[in-house]
Amino acid sequence: VTDGNTTVASLLAWLKVDLEKANKNREAVPWIVVHGHRSIYCSCDGDCHADARKVRKEMEPILFDYGVDFFINGHEHNYERMWPTYKDKSDQSNVNPRAPIYVVTGAAGSQEMHEPFTYPQPSWSAFRSNTFSYSRMFVYNATHIHWQQVQTDPSLFPLSDYGR
């Protein structure tokens, strides 16, 4: 934010107030999804170690304490879905998750093309791909969500099929 008035502290204070309100409304809206630009967890390159750790230090405890279900972001030009994760640890199960599920969905396309994964896949990373794609979330009820990543990369099929 570059408005000259917003600070990290004021942004985090707003987030806590908003998540408190969201938790009071869980009966009507059972899922809490937070969206941001920068990753909290990712494993493709240096952004995932330096920048993500800065964001994680400030936001991860808040997301965990307020029971956020999903944190969705872009920035990286790839797709990566994490297991429910807290403090770099995961039980690798999406059944009754005990921590937020982090999803990097920045693979819709860019003049920079794909962002390669230059680091080994950590245990908290469930799936990753560097093909063009987009995400879809289907909320069925208070206990079930279906997440889908749809590949649209024209290098994977004939160009004549692109967009079909």
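In the block above lies the structure referred to throughout.
Keep in mind the model is a prediction, meaning the values are calculated, not measured.

Next up on the list: the state of the cysteines. By the definition in use, this model includes one disulfide. The disulfide that involves C42 links it to C48, with 2.1 Å between the sulfurs. Between C42 and C48, the S-S dihedral sits near -120°, and the bridge is therefore left-handed. Taking relative accessible area as the criterion, C42 reaches 4% and is therefore assigned buried. The thiol sulfur of C44 is not disulfide-bonded, and the nearest other cysteine sulfur, from C48, lies at 3.7 Å.

Within the largest apolar cluster, 20 residues are counted, with the highest numbers of intra-cluster contacts made by L19, V34, I40, M59, L63, F71 and Y102. Of all elements in the fold, only α1 (8–24), α2 (51–65) and β4 (101–105) reach the threshold of two or more residues within this core. Here this core gets four residues from one element, more than from any other, and that element is α2. Counting eight residues, the second largest nonpolar core, distinct from the first, contains W31, I101, V103 and W147.

Okay, the packing of aromatic side chains next. Taken as a whole and assessed by the stated rule, the structure comprises seven aromatic pairs. Here the aromatic rings of Y41 and W124 are separated by 5.0 Å at their centres, their planes lie at 65°, and the arrangement is edge-to-face. Of this pair, Y41 sits in the loop between β1 (33–36) and α2 while W124 sits in the loop between β4 and β5 (125–129); the two residues are 83 residues apart in sequence, bridging distant segments of the chain. Each member of the pair, Y41 together with W124, is buried. Here the aromatic residues Y41, F71, Y102 and W124 are joined through ring pairs into a cluster of three or more. Above the face of the Y41 ring, R56 is positioned so that its terminal group lies 4.1 Å from the ring centre.

Here we come to the packing of α1 against α2. At a minimum axis distance of 11 Å, the contact between α1 and α2 shows a crossing angle of 10°. With respect to their mutual orientation, α1 and α2 come out roughly parallel. Once α1 is placed against α2, the crossing between them reads as right-handed. For the pair α1 and α2, contact is made by L12, L15, K16 and L19 and by E58, M59, I62 and L63, respectively. Here the contact of α1 with α2 is built from residues that sort into six nonpolar, no polar and two charged.

Our focus in this paragraph is unusual backbone geometry. The residue H75 is not glycine, and still its phi comes out positive at about 65°. Topologically, H75 is positioned in the loop between β2 (70–73) and β3 (79–82). One non-glycine residue, K87, adopts positive backbone phi at about 55°. With respect to the helices and strands, the residue K87 is situated in the loop between β3 and β4. The exposed category is assigned to K87, whose relative accessible area is 53%.

Conventions used here
Residues numbered from 1 in each chain as written. Predicted model: local features only at pLDDT ≥ 70, side-chain atom pairs only at ≥ 80, totals over all residues. Heavy atoms only, no water. Disulfide = S-S within 2.5 Å. Buried < 20%, exposed > 50% of the residue type's maximum accessible area, 1.4 Å probe, protein only. Core = buried A, V, L, I, M, F, W, Y, C linked by side-chain atoms within 4.5 Å. Helix = DSSP H or I, 4+ residues; strand = E, 2+ residues; numbered from the N terminus. Phe/Tyr/Trp six-rings, centres within 6.5 Å; stacked < 30°, edge-to-face > 60°. Lys NZ or Arg CZ within 6 Å of the ring centre and 35° of its normal. Axes fitted to C-alpha atoms, helices over the stretch in contact; angles between N-to-C directions. Parallel < 35°, antiparallel > 145°, perpendicular 65-115°, else oblique. Left-handed = near helix turned anticlockwise from the far one by under 90°. Contact = heavy atoms within 4.5 Å. Nonpolar A, V, L, I, M, F, W, Y, C, P; charged D, E, K, R; others polar.

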